[in-house]
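Chains, contacts and geometry: an overview
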Amino acid sequence: MTWNIVSDSSCDLRMAAFESDRVRFETVPLRIQVGEREFLDNDDLVVPDLLDAMSQEKSASSTACPSPAAFARAFEAGDCTVCFTISSNLSGTYNSAVMGREMVLEEHPEKKVCIIDSKATAGAMVLLIRKAKELMEADETGDFEDICDQLRLYQAALRTCFTLENFDNLIKNGRMRPLVGTLLHSLGIHVIADATPQGTIHVADKARGEAKTYKTITALMKSSKDCTGAEVVISHCENMAGALKLKQQILEDLSVKSVDVLSCRGLTSFYAMEKGLIIGY
């Protein structure tokens, strides 16, 4: 039996970084349209090139979810597949994956495919992938439904928050007035937001300066759930220094198990922009 984990590229785990003798892993890339240029969000995408193109483009950039056929091809590679997608309230990717599942089951009714809406993105999806890998590698009974049930429970316990410094993308897409964005940037004010249980975005707070921002984030994490023993993944958009400072603050303020730092892929860079930090825990 071939275990198969599939995710869209809004998770920040590269395929090249996944290692397992028993479990296959594949990301299905989204596409990012910047003016006349299209960027495929795969392991080969150079994020600084994407960000540079977005900063030079005057019009709003956009994203496109993978096709059902792209998901179907990934699902066909395994006997038992678990797929994680970006929040269905942020993208049509979940629906595309569901359609891909139906395409596969029409041709291969013996295959098993479970699709889980992460209600998040970035680090939360990385944590789901790691949990799925752990359960699959430890499995001795082939109880696919039990693994899916455990992953759904794990997803419900995960949380996501993020902070932004660059508001250009929000302004170009009409989600923030230019004057507000300029004022926030000039005053060094960071917007801090989290994901609701439904997978929508909620602006939780604002803070001025790095130190206060990181303290505000750890306070938000503490208030959202008991973080004792939690695994944390910080995704940074060209901001390793900030990610490491936030990691240290988390380790000082919370009794977490671990804090990993990853670079944002294309899709999460599109949302976070330069200096943005996304925390999954």
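Structural notes, computed from the coordinates.

Trans is the prevailing form of peptide bonds, just as negative phi is the prevailing case for residues other than glycine. Although it is not a glycine, Glu238 adopts a positive phi angle of roughly 55°. Following the sequence through the fold, Glu238 ends up in the loop between strand S11 (231–236) and helix H9 (240–253). Residue Glu238 is classed as partly exposed on the basis of its relative accessible area of 43%. Positive phi values are uncommon outside glycine, yet Lys275 reaches one of about 75°. Structurally, Lys275 is set in the loop between helix H10 (266–272) and strand S13 (277–280).

A few words on the packing of aromatic side chains. Taken as a whole and judged by the stated rule, the model has four aromatic pairs. Taken together, a centroid distance of 6.4 Å and an interplanar angle of 25° make the contact between Trp3 and Phe144 stacked. One end of the pair, Trp3, is in strand S1 (residues 3–8); the other, Phe144, is in helix H5 (residues 144–157), with 141 residues separating them in the sequence. Note on Phe144: relative accessible area 3%, which makes it buried. Each ring, one from Phe18 and one from Phe25, has its centre 4.9 Å from the other, and the planes form 35°; the classification is tilted.

Quick look at the environment of Glu274 now. Summarising the element assignment, Glu274 is placed in the loop between H10 and S13. As a C-alpha pair, Glu274 and Tyr214 span 60 residues in sequence and 17 Å in three-dimensional space.

Time to look at the environment of Ser10. Along the polypeptide, Ser10 turns up in the loop between S1 and strand S2 (23–28). For Ser10, a relative accessible area of 0% puts it in the buried group. Separated by 184 residues in the primary sequence, Ser10 and Asp194 place their C-alpha atoms 16 Å from one another. If sequence neighbours within four positions are ignored, Ser10 has contacts with Leu30, Ile86, Thr121, Ala122, Met125, Leu267 and Thr268. Among the polar contacts listed, one links the side chain of Ser10 to the side chain of Asp8, at a separation of 2.5 Å.

What follows concerns the packing of helix H4 (residues 123–138) against H5. Relative orientation of the contacting elements H4 and H5 amounts to 150°, with a least axis distance of 10 Å. In terms of orientation, H4 and H5 fall into the roughly antiparallel class. In the crossing of H4 with H5, the sense of the turn from one axis to the other is right-handed. Where H4 abuts H5, its residues Leu127, Leu128, Lys131, Ala132, Leu135 and Met136 lie against Ile147, Gln150, Leu151, Tyr154 and Gln155. A class-by-class count of the residues in the contact of H4 with H5 yields eight nonpolar, two polar and one charged.

In this section: the side chain of Ser118. If you trace the backbone, Ser118 turns up in the loop between strand S7 (112–117) and H4. Taking the relative accessible area as the measure of exposure, Ser118 reaches 4% and is therefore buried. Aside from chain neighbours lying at most four places away, what touches Ser118 is Thr85, Ile86, Ser87, Met125, Leu128 and Gln155.

Here we take up the sheet that holds S2. Taken together, four strands build an open sheet; the order of strands is S2-S1-S6-S7 and the sheet is parallel. What marks the edges here is a single partner per strand, and that holds for S2 and S7. Adjacent strand axes in the sheet meet at a mean angle of 20° when their direction is disregarded. Judged from the five bridges that link them, S1 and strand S6 (residues 80–85) form a sheet pairing that is parallel. Along S6, the bridge assignment pairs Asn4 with Thr81. Along the sheet face, helix H3 (residues 93–107) touches S1, S6 and S7 and points at about 170° away from the line of S7. Along the sheet face, H5 touches S1, S6 and S7 and points at about 5° away from the line of S7.

Thresholds, definitions, all that
- Residues numbered from 1 in each chain as written.
- Predicted model: local features only at pLDDT ≥ 70, side-chain atom pairs only at ≥ 80, totals over all residues.
- Heavy atoms only, no water.
- Helix = DSSP H or I, 4+ residues; strand = E, 2+ residues; numbered from the N terminus.
- Buried < 20%, exposed > 50% of the residue type's maximum accessible area, 1.4 Å probe, protein only.
- Phe/Tyr/Trp six-rings, centres within 6.5 Å; stacked < 30°, edge-to-face > 60°.
- Contact = heavy atoms within 4.5 Å.
- Polar contact = N/O pair within 3.5 Å; in protein donor to acceptor, adjacent residues only side chain to side chain.
- Axes fitted to C-alpha atoms, helices over the stretch in contact; angles between N-to-C directions.
- Parallel < 35°, antiparallel > 145°, perpendicular 65-115°, else oblique.
- Left-handed = near helix turned anticlockwise from the far one by under 90°.
- Nonpolar A, V, L, I, M, F, W, Y, C, P; charged D, E, K, R; others polar.
- Pairing = 2+ DSSP bridges.

Remember that the coordinates give geometry; whether it matters functionally is a separate question.
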